[in-house]
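For reference, the chains in residue letters:
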Amino acid sequence: MSTPAVAPAETSPYAAFSFWLETCGDDLTPRPALDGSTDVDVAILGGGYTGLWTAYYLLKSQPSLRVAVVERRIAGFGASGRNGGWCSSKLNIGLDAVAGMYGRDKALAMQRALYDTVDEIGRVCSAERLDAGFAKVGALFVARFPYQIALMREYAGMFERFGLGAHQRLLDAAETEGRVRVRGALGAWYCPQYGRVHPGRLARGLARAVERLGGTIYEETEVIDFAPGARPSLRTARGDVRARAIVLAGEAYLTRLRALRRCLLPVYSLIVLTEPLGASRWNEIGWQGQECLASFRISIDYLTRTDDGRILFGGRGAPYRFGSAIADAYDRDAPTHEMLRRLARGWFPSLEGARFTHAWGGPLGMPRDWMPTVHYDRESGVATARGYTGHGVSASNLAGRALADLLLGRATPLTELPIVGHRPPPWEPEPLRYLGVRYVQRAFARMDEEGERTGRAPSGRSLAERLSRH
Ligand SMILES: Cc1cc2nc3c(=O)[nH]c(=O)nc-3n(C[C@H](O)[C@H](O)[C@H](O)COP(=O)(O)OP(=O)(O)OC[C@H]3O[C@@H](n4cnc5c(N)ncnc54)[C@H](O)[C@@H]3O)c2cc1C
C-alpha cells in the first residue's frame, strides 16, 4: 500500500476497507459503543451519509433534539466511505420511468432537486469546513464504441424531452479529446451539474459536524432488531435506544434484519486505484478538468481522477451471492478486480506499466424497481431512506433533508418528491432471486460484448432488460 496523503489512519484495521478511509485524515479510532439503554428523540441506525445527513439537518433545524446514531462499525464504514466520489445529479432510474409512475411534473421536480443537491453539498462542505475535497467538476459520459453512440443519443434525448437541454451538451470526438484522451472515444455527453468529493473525508467530517451540533454517535454497536410502536426502539446487545422515531439508514446491510430481508439487493461495486501518475502520463491523458468520467457501458464503469493524481476505476460485475449475503471477504473479488485493471488500461493505454496500489469494494443497495425511497410512518415511528444503487452520494443528502422535514412534521417541496412515500416491491425469494440476478449480470456483460462486436445497441426489450426493471 502507498503512503497515505494525510497520516495516521493506516494503523487502524478500518483503513484497509478503502483508500478513502486510509486517507481520511483521522485515525479511525472507534467512538465509544452504547453502554446501556437510553432515551432520545430520534435514533438512527447507520453512520453512513443517510444517517449522518438526517442527523445533521435535524439538529440544524432543532438544536435541542436528542439525536443518536448507532453504527455497527465506524462512521463511513459502508458504501459512504468506499465509493467513487461522484456527487451525481442522477438516479439509477431514468426520468421517463419516474414520469411513468408519478407524472412528468414530479419527475422534473425530482431532477431539479438533484441538480440543487450537488450545490447544497458544496455549500455545507464549505459552511462546516468539512475539507471533503468538494469540487463542481461536471461529468463526461463517453461513447467508446458505435453502439454506445445510440445509447448516448437516447440518454440526451430524454433530457431534451423534459426541457432540460440546457443542463447537458453532446461533445463530438474532437471536443471530447480536448478534455480527456480516451482510447476509442467517439463523443461524450457532458453535464456541468456533477461534483466530486473525497468520500472518506465527507463521511468522517460529517460525523464530527453532527457531534458539534450535539448529536451522539455510538460506534461498534450493532442493531440486531428494531421495534415499532408508540415508543419505537433500536435493539442492540448493549441495550436499547428508545426514541420518538427511529430511522433505518443501513442501505444494503438492512437486508440482514429479518423484517427487511427482501427490501434491497446488495450489489457489489468494486474499485481499483493506480499509483499517483507522473506528468508525462497526465500529458497524454489530459483530463485537466477532473470531470466524473464514465462510458455508456451497460454493465457500468466509473472513473475519478484523485487530487493526488491517481486514476480510480470502478465497476460492477462482482457476482451476486446467494441469499443476498454480505461479508467483508466479498469486498475483494480477484477476477473482477483484474477485469477492472484490464478495462482501465483499455481506456488509457499509457497506464501500461503503471502500478495499481489499491483494490477494494463494497455493497450498495438496489431496490426491485430501481427507485429509491424515503419514508416515515408516524404511527409505527419508523422512518427509512434507502435504495440509491450507485448514486447515493448526492441522493442521500436529498433524502436526509426530506427525512428531517418528515420527522419534524413539515410539508415542504422536498416531502412532495416522488421518492417520498415510494414503496418498491420486494425482491423475489431465493433461489429465484439468485438465478434471475446472475442471469441478468451475465446478460448485461454479453450485451456489451455483442455491442462492441456488432456496433448495434441492445433493443431495450431483451428478457434481461425487462427482468432488471419490474
Ligand atoms: C464501491 C462503491 C462505489 C460507489 N460509487 C458511488 C459514486 O461514485 N457516486 C454515488 O453517488 N454513489 C456511489 N456509490 C453508492 C453510495 O456510496 C451509496 O449509495 C451511499 O453511500 C449510501 O449511503 P448510506 O448511508 O445509505 O449507506 P452506507 O454508506 O452503506 O451506510 C450504512 C451504514 O449502516 C451501518 N449499519 C448497517 N446495518 C447496521 C446495523 N444493523 N446496526 C448498526 N449499523 C448498521 C453500516 O455499517 C454502514 O456504516 C458507490 C457504492 C459503492 C459500494
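Residues numbered from 1 in each chain as written. Predicted model: local features only at pLDDT ≥ 70, side-chain atom pairs only at ≥ 80, totals over all residues. Heavy atoms only, no water.

Asker: Provide a residue-level description of the overall build of the protein, including the pertinent values.
Answerer: Scanning the protein from terminus to terminus reveals twelve helices and 20 strands. For a compact globule of 470 residues, the expected C-alpha radius of gyration is about 23 Å, and the protein comes in at 21 Å, within 12% of that figure. Across its three principal directions, the C-alpha atoms of the protein cover 60 × 50 × 45 Å. Look at the contacts in the protein between residues 6 or more apart in sequence, and 76% of them connect residues 24 or more apart. (Helix = DSSP H or I, 4+ residues; strand = E, 2+ residues; numbered from the N terminus. Rg over C-alpha atoms; globule rule 2.2 N^0.38 Å. Contact = heavy atoms within 4.5 Å.)

Asker: Give me the confidence of the model for the protein: which residues, what numbers.
Answerer: Across the protein, pLDDT averages 94, with 96% of residues at or above 70. Considering only residues more than four positions removed or in separate chains, one finds that residues 1-7, a stretch of pLDDT under 50, has 14 contacts. (pLDDT = per-residue confidence, 0-100.)

Asker: Residues and numbers for the packing of aromatic side chains, please.
Answerer: Tallying each qualifying case throughout the model produces 27 aromatic pairs. The interplanar angle of 35° and the centroid separation of 6.3 Å between the aromatic rings of Y14 and F17 together place this pair among those described as tilted. For the pair Y14 and F17, one class covers both residues: buried. Centroid distance W86 to Y194: 6.0 Å. Interplanar angle 75°. Geometry classified as edge-to-face. With W86 in strand β4 (residues 86-87) and Y194 in the loop between β7 (187-191) and β8 (195-196), this residue pair connects regions lying 108 residues apart in the sequence. In this structure an aromatic cluster arises from ring pairing among W86, F141, Y155, F159, W189, Y194 and F296. (Phe/Tyr/Trp six-rings, centres within 6.5 Å; stacked < 30°, edge-to-face > 60°. Buried < 20%, exposed > 50% of the residue type's maximum accessible area, 1.4 Å probe, protein only.)

Asker: A description of the pattern of salt bridges should follow, citing residues and the corresponding values.
Answerer: When the charged atoms of two side chains with opposite charge come close together, those side chains can pair. Following the criterion strictly, the structure yields 30 salt bridges and no others. A salt bridge links E128 to R212, with the shortest nitrogen-to-oxygen separation between them at 3.6 Å. Here R212 lies in helix α7 (residues 199-212) and E128 lies in the loop between α4 (104-127) and β5 (139-143), a separation of 84 residues in the sequence. Classification of E128 as buried rests on a relative accessible area of 14%. You can call R212 exposed: its relative accessible area is 54%. Sharing partners across several salt bridges, the network here consists of D26, R31, R204, R208, E211 and E219. (Salt bridge = Lys/Arg side-chain N within 4 Å of Asp/Glu carboxyl O.)

Asker: For α7, give the residues involved together with the corresponding values.
Answerer: The first and last C-alpha atoms of α7 sit 20 Å apart over 14 residues, in line with the 20 Å expected at 1.5 Å per residue. With eleven of 14 residues buried, α7 lies mostly within the body of the structure. Looking at α7, one finds that the buried residues are P199, G200, R201, L202, A203, R204, G205, L206, A207, A209 and V210. Along its buried surface, α7 packs onto α1 (19-22), α2 (49-61), α4 and β9 (216-218). Looking at the residues trailing α7, positive phi occurs at G214, about 110°. (Expected span 1.5 Å × (residues − 1).)

Asker: Outline the site of the ligand, listing residues and values.
Answerer: Neighbouring the ligand are 36 residues, the closest being T50, E71, S80, V223 and G390. G392 is positioned with one of its backbone polar atoms (N or O) 3.1 Å from an oxygen atom of the ligand. Separating an oxygen atom of the ligand from a backbone N or O atom of V393 is a distance of 2.9 Å. In the complex, 98% of the free accessible area of the ligand, which totals 1000 Å², lies under the protein chains. When contributions to the shell around the ligand are tallied by element, the ones reaching two or more residues are α2, β14 (265-274), β18 (356-366) and α10 (392-407). A breakdown of the residues in the shell around the ligand according to their chemical character gives 14 nonpolar, 17 polar and five charged. (Near = heavy atom within 4 Å. Polar contact = N/O pair within 3.5 Å; in protein donor to acceptor, adjacent residues only side chain to side chain. Areas by Shrake-Rupley, 256 points an atom, 1.4 Å probe, with all protein chains shown as cover. Nonpolar A, V, L, I, M, F, W, Y, C, P; charged D, E, K, R; others polar.)

Asker: How would you explain the packing of α4 against α10 if you had to name every residue and give the values?
Answerer: Contact pair α4 / α10: the axes reach a minimum separation of 9 Å and the direction vectors enclose 100°. One finds that α4 runs roughly perpendicular with respect to α10. Contacts between α4 and α10 involve M110, A113, L114, T117, V118, E120 and I121 from the first element and V393, S394, N397, L398 and R401 from the second. Among the residues forming the contact of α4 with α10, the class breakdown is seven nonpolar, three polar and two charged. (Axes fitted to C-alpha atoms, helices over the stretch in contact; angles between N-to-C directions. Parallel < 35°, antiparallel > 145°, perpendicular 65-115°, else oblique.)

Asker: How would you summarise the nonpolar core if you had to cite specific residues and measurements?
Answerer: Soluble globular proteins: nonpolar side chains tend toward being buried together. Grouped together as the largest cluster of nonpolar side chains are 101 residues, with contacts concentrated most on W53, W189 and V374. Residues in contact with W189, not counting those within four places in the same chain, are A139, L140, F141, M152, Y155, A156, F159, Q168, R169, L170, Y194 and F296. (Core = buried A, V, L, I, M, F, W, Y, C linked by side-chain atoms within 4.5 Å.)

Asker: Give me the lowdown on the pairing of strand β19 (residues 373-377), citing residues and values where you can.
Answerer: Successive side chains on a regular strand alternate, one facing one side of the sheet and the next facing the other. Counting buried residues along β19, four of its five residues qualify, which places the element largely inside the surrounding structure. Bridge analysis of β19 against strand β20 (residues 382-386) gives five bridges, and the strand direction is antiparallel. By the bridge assignment for β20, T373 is matched with R386. Hairpin connection of β19 to β20: four residues between the antiparallel strands, including G381 at a positive phi of 75°. (Pairing = 2+ DSSP bridges.)

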